[in-house]
Amino acid sequence: MERTFVMLKPGVLQRRIAGHVISRIEQKGLRVIAMKLMSIDEGLAREHYAEHKERDFFPDLISYITSGPVVTMVVAGDGAISRVRTLAGATKVEDARPGTIRGDFAAVTRQNIIHASDSPASSEREVALFFAPKEIHDWEDPNAGWIE
Ligand code: CMP
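Residues numbered from 1 in each chain as written. Predicted model: local features only at pLDDT ≥ 70, side-chain atom pairs only at ≥ 80, totals over all residues. Heavy atoms only, no water.

Visitor: I tried to follow the site of the ligand on my own but got confused; where do I start?
Guide: Residues in close proximity to the ligand include Lys-9, Tyr-49, His-52, Phe-57, Leu-61, Thr-91, Arg-102, Thr-109, Arg-110, Asn-112 and His-115, which together make up its full environment. Here an oxygen atom of the ligand sits 2.7 Å away from a polar atom, N or O, in the side chain of Lys-9. For the ligand, whose free accessible area comes to 460 Å², the fraction covered by protein is 80%. Here the shell around the ligand is built from residues that sort into three nonpolar, five polar and three charged. (Near = heavy atom within 4 Å. Polar contact = N/O pair within 3.5 Å; in protein donor to acceptor, adjacent residues only side chain to side chain. Areas by Shrake-Rupley, 256 points an atom, 1.4 Å probe, with all protein chains shown as cover. Nonpolar A, V, L, I, M, F, W, Y, C, P; charged D, E, K, R; others polar.)

See the structure below:
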């Protein structure tokens with residue numbers, strides 16, 4: 001069972017669309033096993049986005065992601081990393097197809113609504129950066145036996 005780190009970026013709460021975005025993840029059958037509302041400080045933002053530190057958009061990205069509260073989650077399921085990335089849609093909003101989260105809710109790439117881990121290594125690093133083990137509640141689905 002794979003896990004992935006998901007973050008609803010600043011602005012999602014202000015736009016009152018957090019429920020819509022979380023519903024897409026739940027409707028797909030994935031399991032939210034950790035979730036919290038938090039404000040990210042600059043140090044955590046820089047660590048989380050360290051791979052982009054040489055990019056010209058990095059200062060903007062850091063100031064945006066620290067500009068308001070975010071919703072962070074750990075999402076579990078078979079193939080969770082690629083399934084959440086597919087639900088999210090392309091990073092660049094002009095490439096994000098209708099029906100995806102970014103395709104339906106985002107008009108600006110910097111404010112592209114959702115972050116989702118792009119690989120097992122990123123997922124492991126990001127989950128550990130944002131969640132203590134005791135904050136993760138890996139519940140069982142009593143219906144699982146009926147679906148497989
Ligand atoms: P995310 O999936 O969180 O990973 C890195 C983020 O950097 C990305 O989503 C965008 O929010 C942002 N980003 C990527 N490319 C650009 C760009 N060309 N201009 C501005 N922001 C970008």
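Visitor: Help me understand the environment of Arg-102, please; the structure alone is not making it clear to me.
Guide: With respect to the helices and strands, Arg-102 occurs in helix α5 (residues 101-105). With relative accessibility at 5%, the residue Arg-102 sits in the buried group. A polar atom in the side chain of Arg-102 sits 3.2 Å from the backbone oxygen of Asn-112. (Helix = DSSP H or I, 4+ residues; strand = E, 2+ residues; numbered from the N terminus. Buried < 20%, exposed > 50% of the residue type's maximum accessible area, 1.4 Å probe, protein only.)

Visitor: Looking at this model, I keep getting lost on the nonpolar core. Mind explaining?
Guide: The nonpolar side chains of soluble globular proteins are, as a tendency, buried together. Of all hydrophobic cores here, the largest spans 24 residues; its most connected members are Val-6, Leu-8, Ile-25, Met-73, Ile-113 and Ile-114. Of all elements in the fold, only β1 (2-8), α1 (18-27), β3 (70-77), α4 (80-88), α5 and β4 (114-116) reach the threshold of two or more residues within this core. Setting aside residues no more than four positions away along its own chain, Ile-113 makes contact with Met-7, Leu-8, Lys-9, Val-12, Arg-15, Ile-17, Val-21, Ile-101, Phe-105 and Ala-106. Counting residues in hydrophobic clusters, the runner-up holds 21 residues, among them Phe-58, Ile-65, Val-127 and Ile-136. (Core = buried A, V, L, I, M, F, W, Y, C linked by side-chain atoms within 4.5 Å. Contact = heavy atoms within 4.5 Å.)

Visitor: I would appreciate a short explanation of helix α6 (residues 120-130) in the present structure.
Guide: Quick reminder: α-helices carry 3.6 residues per turn. Residues three or four places apart thus point the same way. The complete set of buried residues in α6 reads Ser-122, Ser-123, Glu-126, Val-127 and Phe-130. The buried residues of α6 all sit within an arc of 120 degrees when viewed along its axis, so they share a single face. For α6, exposure combined with an orientation more than 90 degrees from the buried face picks out Pro-120, Ala-121, Glu-124 and Ala-128. The elements touched by buried residues of α6 are β1, β2 (31-38), α2 (42-48), β3, α4 and β4. (Arc of directions from axis to C-beta.)

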